[in-house]
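Structural overview
Single-letter residue listing:
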Amino acid sequence: MTVPMIVPLSAVCLLAAPAAASPAAAPQRDPVGGPQLASRGIVLNKAPGVPALPKLQFSSYLVADADTGEVLAGKDPHGQYLPASTLKTLTSATLVAKLDPNRLVRPSQKACDVEGTKVGLTPSMQYKVSDLFHALMMMSANDAAVTLAEANGGMKKTIADMNTEAKYLHADDTLAASPNGLDVDYGLNLRTQHTSAYDLVLFLREAMKSAQFRTYVQATQFQFPAPPTKKEKKKHKKVGGYPIYTHNKLLPGQKYGYRGMLGGKNGYTVHAQQTYVAEARRDGHTVIVSVMHGESSPFQAAAKLLDWGFAARGKVQPVGTLAAPGDAQAKKHADGESGGVLPGTSLDSSGGSSALVWEIGGGTAGALLAIGVLFAVYRRRRHHPVPSPAGNTGLGGTAGPGGNVRPARSNGPAGTSGHTGHTGNTGNGGHTGNYAGSYDDGPYDSYDDGSYNDGSYNDGAR
């Protein structure tokens, strides 16, 4: 009689042990880059003779000296936010070295039909990888992003590679689940895709090491190939084309041209709001900035932060450092099985979870079942740790101090496109007018600053 009772009791003890230990909080680690960067507010070590930081209506930003790796200032630098098209800097940092720029790629119909901003690809022709990268980084083409992912072996592999790259760069705030930054169109929310102002700077700094990438982000105009028009066919031209233009308004000759601008990437979705990361060099020094989750012009905000960074570098005590990339061998063998989706979560917007109900019966079978399930849960948690909870509550919002939620402001769909698409040059498949026309990614006709009312802008993942 005693033997059958001992085994179930041991199973109950095993189940009770984690519950008894759960109230003890795990020790808090300093965030990547240093303890000051854990702040949810403005982080700055004031110094005499240094101007005040500009007042910006953005939830998060970072200013860093790209030469020394010193973080000069920030606001909620490790807060997790939806990335929009700034995630394409991670896509590029991941794929530029993997794909031959001269390789020809034929897009799938699914890639051509992706939501949001498009360059107007068609399955009826092949495109150079370099052409696709120009479209990706100049005009934020979502169809180019998916096609590049297909060229790399598919969406699942590419997302896994992106998350491996993020781990290699110590971008611990990042979870990628798309190659282009789309969120609700893919059923993604803040739990299943996020990054931070700190991580965006890491992505751009790494990508800018590539001469090929610099070619893409510094181009202001590019002739993109397309099927020939009837007129061009009569002239026996096999390939037509049309010009595409950069969305980066801080490049030379653009609306807010910034002296020394080296390149950057902006983005927008309704829930991510305005995001941007950029790098500039003046007088032998390089400053890199990022802004996230704002309603005003990201270009003007970045210009103000760049001005401040050049004035403050070498004078203020840094608040942290930019992490150096990790070990290349570790990167090569990093685990990418999750495919960019948090374990145990669906891609719906509810972010809900289901409870696990245990029923342990008497006898040896019940004990073995309990031990087996516990072991499986233990292994799952070891292999798939849940990301830091900072900023993971709610769609487009982040958790503030003490667990309070700062919800994102909801922007309505009102707004008009700035440019109409190029007609007649994309041919088969009904893609006429898609090349730059999908400036359907911004609801603003004007910005609060009164001067930013360029209808042609509204880039990003929408």
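Structure first, text after, so check above.
Notes on the structure in this doc start here. (Residues numbered from 1 in each chain as written. Predicted model: local features only at pLDDT ≥ 70, side-chain atom pairs only at ≥ 80, totals over all residues. Heavy atoms only, no water.)

**Topic: the overall build of the protein**
A count of helices and strands for the protein gives twelve helices and 13 strands. Looking at the 462 residues of the protein, the share that counts as buried comes to 52%. Sequence-distant contacts in the protein: of pairs separated by 6 or more residues, those separated by 24 or more amount to 70%. Within the structure as shown, the protein displays about 20,700 Å² of accessible surface, and the carbon and sulfur contribution to it stands at 55%. (Helix = DSSP H or I, 4+ residues; strand = E, 2+ residues; numbered from the N terminus. Buried < 20%, exposed > 50% of the residue type's maximum accessible area, 1.4 Å probe, protein only. Contact = heavy atoms within 4.5 Å. Areas by Shrake-Rupley, 256 points an atom, 1.4 Å probe, with all protein chains shown as cover.)

**Describing the packing of aromatic side chains**
Scanning the model with the defined rule gives four aromatic pairs in all. Considering the side-chain rings of Tyr-276 and Phe-299, the 5.0 Å spacing of their centres and the 70° angle between planes classify their relative orientation as edge-to-face. Taken as a pair, Tyr-276 in strand β9 (residues 273-282) and Phe-299 in helix α10 (residues 298-312) lie far apart in primary sequence, 23 residues in all. Relative accessible area serves as the criterion here: at 0%, Phe-299 is assigned to the buried category. Linked through ring pairs, Tyr-127, Phe-224 and Tyr-242 together constitute an aromatic cluster. Above the face of the Tyr-258 ring, Arg-282 is positioned so that its terminal group lies 4.1 Å from the ring centre. (Phe/Tyr/Trp six-rings, centres within 6.5 Å; stacked < 30°, edge-to-face > 60°. Lys NZ or Arg CZ within 6 Å of the ring centre and 35° of its normal.)

**With respect to the packing of helix α2 (residues 88-95) against helix α6 (residues 155-168)**
The angle between the axes and the distance between the axes are what describe a pair of packed helices. The geometry of α2 relative to α6 is characterised by a closest axis approach of 9 Å and an angle of 90° between their N-to-C directions. Taken as axis vectors, α2 and α6 run roughly perpendicular relative to one another. On α6, the residues touching Leu-90, Thr-91, Ala-93, Thr-94 and Leu-95 of α2 are Thr-158, Asp-161, Met-162, Glu-165 and Ala-166. Tallied by class, the residues present in the contact of α2 with α6 amount to five nonpolar, three polar and two charged. (Axes fitted to C-alpha atoms, helices over the stretch in contact; angles between N-to-C directions. Parallel < 35°, antiparallel > 145°, perpendicular 65-115°, else oblique. Nonpolar A, V, L, I, M, F, W, Y, C, P; charged D, E, K, R; others polar.)

**Structural notes on the pattern of salt bridges**
Considering all chains together, one arrives at seven salt bridges under this definition. With a closest N to O distance of 4.0 Å, Asp-161 and Lys-98 form a salt bridge. Residue Asp-161 is found in helix α6, and its partner Lys-98 is found in the loop between α2 and β4 (104-105); the two are separated by 63 residues along the sequence. Between Asp-161 and Lys-157 there is a salt bridge, with its nearest N and O atoms 2.8 Å apart. (Salt bridge = Lys/Arg side-chain N within 4 Å of Asp/Glu carboxyl O.)

**With respect to the nonpolar core**
Grouped together as the largest cluster of nonpolar side chains are 63 residues, with contacts concentrated most on Tyr-198, Phe-224 and Ile-244. Contact partners of Tyr-198, with chain neighbours within four places excluded, come to Val-32, Gly-33, Leu-37, Leu-62, Val-71, Pro-77, His-78, Asp-173, Thr-321, Leu-322 and Ala-323. With 30 residues, the next largest nonpolar core counts Phe-299, Ala-302, Trp-308 and Ala-312 among its residues. (Core = buried A, V, L, I, M, F, W, Y, C linked by side-chain atoms within 4.5 Å.)

**Side note on α10**
For α10, which comprises 15 residues, the first-to-last C-alpha distance of 21 Å matches the rise-based estimate of 21 Å (1.5 Å per residue) to within 8%. Taken across its 15 residues, α10 has twelve buried, putting it largely inside the fold. Those residues of α10 that are buried lie in contact with β2 (58-65), β3 (70-75), β8 (261-269), β9 and β10 (285-294). One side-chain oxygen at the N-terminal end of α10 lies 3.3 Å from the backbone nitrogen of Phe-299; it belongs to Ser-297. Looking one or two residues past α10, Gly-314 carries a phi angle of roughly 80°, positive in sign. (Expected span 1.5 Å × (residues − 1). Polar contact = N/O pair within 3.5 Å; in protein donor to acceptor, adjacent residues only side chain to side chain.)

**Brief notes about the packing of helix α4 (residues 129-139) against helix α8 (residues 211-218)**
It is the contact of α4 with α8, at a shortest axis distance of 8 Å, that shows an interaxial angle of 55°. As the angle between them shows, α4 and α8 are arranged oblique. α4 and α8 meet at a crossing whose hand is right-handed. Of the residues in α8, those touching α4 at Ser-130, Phe-133, His-134, Met-137 and Met-138 are Phe-213, Thr-215, Tyr-216 and Val-217. Taken together, the residues of the contact of α4 with α8 sort by class into six nonpolar, three polar and no charged. (Left-handed = near helix turned anticlockwise from the far one by under 90°.)

**Points about the environment of Asp-283**
Here Asp-283 lies in the loop between β9 and β10. The sequence separation of Asp-283 and Gly-260 amounts to 23 residues, and the corresponding C-alpha distance is 8.9 Å.

**What about the side chain of Lys-265?**
Tracing the sequence through the fold places Lys-265 in strand β8. At 3.1 Å, the side chain of Lys-265 and the side chain of Ser-140 are in polar contact.

**Section: α6**
Compared with the 20 Å implied by 1.5 Å per residue over 14 residues, the 20 Å span of α6 between its first and last C-alpha is a close match. With ten of 14 residues buried, α6 is to be regarded as a mostly interior element. Thr-158, Ile-159, Ala-160, Asp-161, Met-162, Asn-163, Thr-164, Glu-165, Ala-166 and Tyr-168 are the residues of α6 that are buried.

**Focus on unusual backbone geometry**
Positioned with a positive phi, Ala-84 is a non-glycine residue whose angle comes to about 50°. For Ala-84, the position within the fold is in the loop between β3 and α2. A relative accessible area of 0% means that Ala-84 is categorised as buried. Despite not being glycine, His-293 has its phi angle at roughly 60°, a positive value. Note on placement: His-293 falls in strand β10. Judged by relative accessible area, His-293 falls into the buried class, the value being 10%.

**Topic: the environment of Gln-317**
Residue placement: Gln-317 occurs in the loop between α10 and β11 (320-321). Taking C-alpha positions, Gln-317 is 8.4 Å from Leu-44, a pair spaced 273 residues apart along the chain.

**What to know about the pairing of β3**
The two faces of the sheet receive side chains in turn, since in a regular strand these alternate between them. Sheet analysis places strand β1 (residues 42-43) next to β3, joined by two bridges and oriented antiparallel. Note that in β3 the partner of Val-43 across the bridge is Gly-74. Count of turn residues in the β2/β3 antiparallel hairpin: four residues, of which Gly-69 carries a positive phi of about 80°. In terms of strand pairing, β3 meets β11 through two bridges, oriented antiparallel. (Pairing = 2+ DSSP bridges.)

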